[in-house]
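Now for the letters of each chain:
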Amino acid sequence: MTKKLAIVPFLLLVLITILSLFMGHNPVASPTDPNVDTGDTAWMLTSAALVLIMTPGLAFFYGGMVKKKNVISTMLQSFICMAIVSIIWVVFGFGLAFGDDIGGLLVIHQHSYS
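Residues numbered from 1 in each chain as written. Predicted model: local features only at pLDDT ≥ 70, side-chain atom pairs only at ≥ 80, totals over all residues. Heavy atoms only, no water.

1. Side note on a nonpolar patch on the surface
A grouping of Leu5, Ile7, Val8, Phe10, Leu11, Val14, Ile18, Leu21 and Phe22 is seen on the molecular surface, where their side chains present a nonpolar patch of about 880 Å² in accessible area. Inspection of the secondary structure puts leucine 11 in helix H1 (residues 2-21). (Patch = residues over 30% accessible without salt bridge, like charges linked within 9 Å, V, L, I, M, F, W, Y side chains within 5 Å. Areas by Shrake-Rupley, 256 points an atom, 1.4 Å probe, with all protein chains shown as cover. Salt bridge = Lys/Arg side-chain N within 4 Å of Asp/Glu carboxyl O. Helix = DSSP H or I, 4+ residues; strand = E, 2+ residues; numbered from the N terminus.)

Encoded structure:
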C-alpha cells in the first residue's frame, strides 16, 4: 500500500515539470543587456567555491560514520564526487546559468563567453 502512495508525489512532480515547460516566457526576468553581468558571474563563482570548500568537511563527516578500515575510501569518494561535479559545472552549469533560452526552455549555447 505504501509503495502505491509513494508514486503520487513523484507523478505530481513530473506533472509540474511538464507543465512548467509549456508556460510562457517571463519578460520581466529576462535581462535587457545581452552581456554577461560581472556581479552574477562573481556570485556564481563564489558560491561554487564555497561548495567546494565544504567537501573536506563532508568527507570527514562521512569518514566518521564508517569503520576504521573504510575511512580513506569513503573520504576519497567524496573528493572524487567533488571533481566530477566541478567538471560538470564547467561543461554544462555555466551555460545553463548564464546562457540564453529559447521559448522559455533552458539550452546550452556553444559560443564563448569572452
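So, next bit.
2. Structural notes on the packing of aromatic side chains
Counting across every chain of the model gives one aromatic pair. Seen from their ring centres, phenylalanine 61 and tyrosine 62 are 5.7 Å apart, and the 50 degrees between their planes marks the pair as tilted. For phenylalanine 61, a relative accessible area of 52% gives the class exposed. (Phe/Tyr/Trp six-rings, centres within 6.5 Å; stacked < 30°, edge-to-face > 60°. Buried < 20%, exposed > 50% of the residue type's maximum accessible area, 1.4 Å probe, protein only.)

3. Focus: the side chain of threonine 55
With respect to the helices and strands, threonine 55 occurs in helix H2 (residues 38-63). When its relative accessible area of 10% is taken as the criterion, threonine 55 is described as buried. Not counting chain neighbours up to four residues away, the residues in contact with threonine 55 comprise Ser78, Phe79 and Met82. (Contact = heavy atoms within 4.5 Å.)

4. Considering H2
For H2, which comprises 26 residues, the first-to-last C-alpha distance of 38 Å matches the rise-based estimate of 38 Å (1.5 Å per residue) to within 8%. When the local axis directions of H2 are compared, the greatest deviation, roughly 30 degrees, occurs at proline 56. (Expected span 1.5 Å × (residues − 1). Bend = angle between axes of the 7 residues up to and from the residue.)

Interpretation in functional terms is not warranted from these geometric data alone.
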